[in-house]
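One letter stands for each residue in the lines below.
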Amino acid sequence: MKILFLCVANSARSQMAEGLARALFGAAVEVASAGSVPTRVNPNAIAVMAESGIDISGQTCQDGSSACIGRCRIRPPHRPIRRGRSSEKYETKSAGGSKCWAGSDA
């Protein structure tokens, strides 16, 4: 299985999600994160994850277009976004055909 966390800067929440997923799933799952306008990993995100015993200091920010090309296809949301909800979920398929979910939750 492959999981890709997408956001804008790929500096905090997506990096934290990537680190948590790596800690939970280990080598059984390929985990990555990327952003539409990647910057740098936020030092506060590194510190917060370290409090939980998860080291994300070696992670780097990736451009979302290069992270997705050849790895997955993103489909439109299965249900419309309702007023007051900021969550979007997309069913994706990796190049190898395995299903995963990508989404954002501001």
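Everything here concerns the structure above.
Residues numbered from 1 in each chain as written. Predicted model: local features only at pLDDT ≥ 70, side-chain atom pairs only at ≥ 80, totals over all residues. Heavy atoms only, no water.

(A) Representation of helix H2 (residues 43–51) within the structure. By the N-cap criterion, in which a side-chain oxygen at the helix start approaches the backbone nitrogen of a residue two or three places on, H2 is capped by Asn42, the distance to Asn44 being 2.7 Å. Remark: Gly53 follows H2 within two positions and exhibits a positive phi of approximately 80°. (Polar contact = N/O pair within 3.5 Å; in protein donor to acceptor, adjacent residues only side chain to side chain. Helix = DSSP H or I, 4+ residues; strand = E, 2+ residues; numbered from the N terminus.)

(B) Up close: helix H1 (residues 13–25). An ideal rise of 1.5 Å per residue puts 18 Å on 13 residues; H1 measures up with 18 Å between its terminal C-alpha atoms. Where H1 is buried, its residues contact strand S1 (2–7), strand S2 (30–35) and H2. Immediately beyond the C-terminal end of H1, within one or two residues, lies Gly26, with a positive phi of roughly 60°. (Expected span 1.5 Å × (residues − 1). Contact = heavy atoms within 4.5 Å.)

(C) Region of interest: the packing of H1 against H2. At a closest axis distance of 10 Å, the pairing of H1 and H2 adopts a crossing angle of 30°. In terms of axis orientation, H1 runs roughly parallel to H2. Between H1 and H2 the crossing geometry is right-handed. In this structure, H1 contributes Met16, Gly19 and Leu20 to the contact, and H2 contributes Ala45, Val48 and Met49. Its residues assigned to classes, the contact of H1 with H2 shows five nonpolar, one polar and no charged. (Axes fitted to C-alpha atoms, helices over the stretch in contact; angles between N-to-C directions. Parallel < 35°, antiparallel > 145°, perpendicular 65-115°, else oblique. Left-handed = near helix turned anticlockwise from the far one by under 90°. Nonpolar A, V, L, I, M, F, W, Y, C, P; charged D, E, K, R; others polar.)

(D) Summary view of the pairing of S2. A large share of S2 lies buried, amounting to five of its six residues. Pairing between S1 and S2: six bridges, direction parallel. Opposite Ile3, over in S2, you have Val31 as the bridge partner. You can see the chain leave S1, run along H1 and come back into S2, and the turn it takes is right-handed. (Buried < 20%, exposed > 50% of the residue type's maximum accessible area, 1.4 Å probe, protein only. Pairing = 2+ DSSP bridges. Right-handed = clockwise from strand over helix to strand, strands pointing away.)

(E) Summary view of a nonpolar patch on the surface. Nonpolar side chains collect at one region of the surface, where Leu20, Leu24 and Phe25 lie side by side and expose about 300 Å² of accessible area between them. Mapped onto the elements, Phe25 comes out in helix H1. (Patch = residues over 30% accessible without salt bridge, like charges linked within 9 Å, V, L, I, M, F, W, Y side chains within 5 Å. Areas by Shrake-Rupley, 256 points an atom, 1.4 Å probe, with all protein chains shown as cover. Salt bridge = Lys/Arg side-chain N within 4 Å of Asp/Glu carboxyl O.)

(F) Local environment of unusual backbone geometry. Phi at Asn10 is positive, roughly 55°, even though this residue is not glycine. Turning to its location among the elements, Asn10 is positioned in the loop between S1 and H1. On the basis of relative accessibility, which here comes to 0%, the residue Asn10 falls in the buried class.

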